[in-house]
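Below are the chains, spelled out letter by letter.
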Amino acid sequence: MAEVYRIHVGDFTSSGEVKTTGIHSGMVVGIYATHTGAGSATFTVVDEVGYNLFGKSGASGNVTASASCQKDQEDLDGTAIVGPITVTSGGTVNGTLSVFLYVAP
């Protein structure tokens, strides 16, 4: 059984951008986000060279009010990463938007 580790990319209380510190490497097997506020928040996840990690599931994630968004390996094309990750939030972030990546080394 392969190990998977979670990267807590960041918490957003408004639109903005967060870049992880450190080098992350492996295959992205999941992207998960929660939104505690009203409205619909969007977010993008890109690697160091600007490749969109959402793969065939679309250009961004969308989290409705007080809900979560989950994309798994089948949705993501099994994208491999090496380096920092950048997440950009948009839409209506009224509460907290928290974004996590799950990576298999």
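Now for a look at the structure at hand. (Residues numbered from 1 in each chain as written. Predicted model: local features only at pLDDT ≥ 70, side-chain atom pairs only at ≥ 80, totals over all residues. Heavy atoms only, no water.)

**Considering the side chain of histidine 24**
In this structure, histidine 24 sits in strand E3 (residues 24–35). Polar side-chain contacts of histidine 24 include one of 3.4 Å to the side chain of threonine 20. (Helix = DSSP H or I, 4+ residues; strand = E, 2+ residues; numbered from the N terminus. Polar contact = N/O pair within 3.5 Å; in protein donor to acceptor, adjacent residues only side chain to side chain.)

**A look at the packing of aromatic side chains**
Under the defined criterion, the tally for this structure stands at two aromatic pairs. Ring centres of tyrosine 32 and phenylalanine 100 lie 6.5 Å apart, and the angle between their planes is 35°; on these two criteria the pair is classed as tilted. Highlighted residues: tyrosine 32 in strand E3 and phenylalanine 100 in strand E9 (residues 97–104), separated in sequence by 68 residues. Given a relative accessible area of 11%, phenylalanine 100 falls into the buried group. (Phe/Tyr/Trp six-rings, centres within 6.5 Å; stacked < 30°, edge-to-face > 60°. Buried < 20%, exposed > 50% of the residue type's maximum accessible area, 1.4 Å probe, protein only.)

**What to know about the side chain of serine 89**
Along the chain, serine 89 turns up in strand E8 (residues 86–91). Residues within four places of serine 89 in sequence aside, it is in contact with Phe12, Ser14, Ser15, Gly16, Thr42, Phe43 and Leu97. (Contact = heavy atoms within 4.5 Å.)

**Some details on the nonpolar core**
Membership of the largest hydrophobic core comes to 22 residues, with the highest contact counts inside it found for Ile31, Phe43, Val45, Leu53, Leu97 and Leu101. Secondary structure elements with two or more residues in this core: strand E1 (5–12), E3, strand E4 (41–46) and E9. For this core, the leading source of residues is E9, giving four residues. The residues contacting leucine 101, other than those within four sequence positions of it, are Tyr5, Arg6, Ile7, Val9, Gly30, Ile31, Val45, Leu53 and Ile85. (Core = buried A, V, L, I, M, F, W, Y, C linked by side-chain atoms within 4.5 Å.)

**Re the sheet that holds E8**
On the basis of which strands lie adjacent, the open sheet formed by four strands has the order E2-E8-E4-E5 and antiparallel pairing. The open sheet has two edge strands, strand E2 (16–19) and strand E5 (61–63), and neither has a second partner. Averaged over all neighbouring strand pairs, the angle between strand axes comes to 20°, with direction disregarded. Where E4 lies against E8, six bridges are found, and the strand directions are antiparallel. (Pairing = 2+ DSSP bridges. Axes fitted to C-alpha atoms, helices over the stretch in contact; angles between N-to-C directions.)

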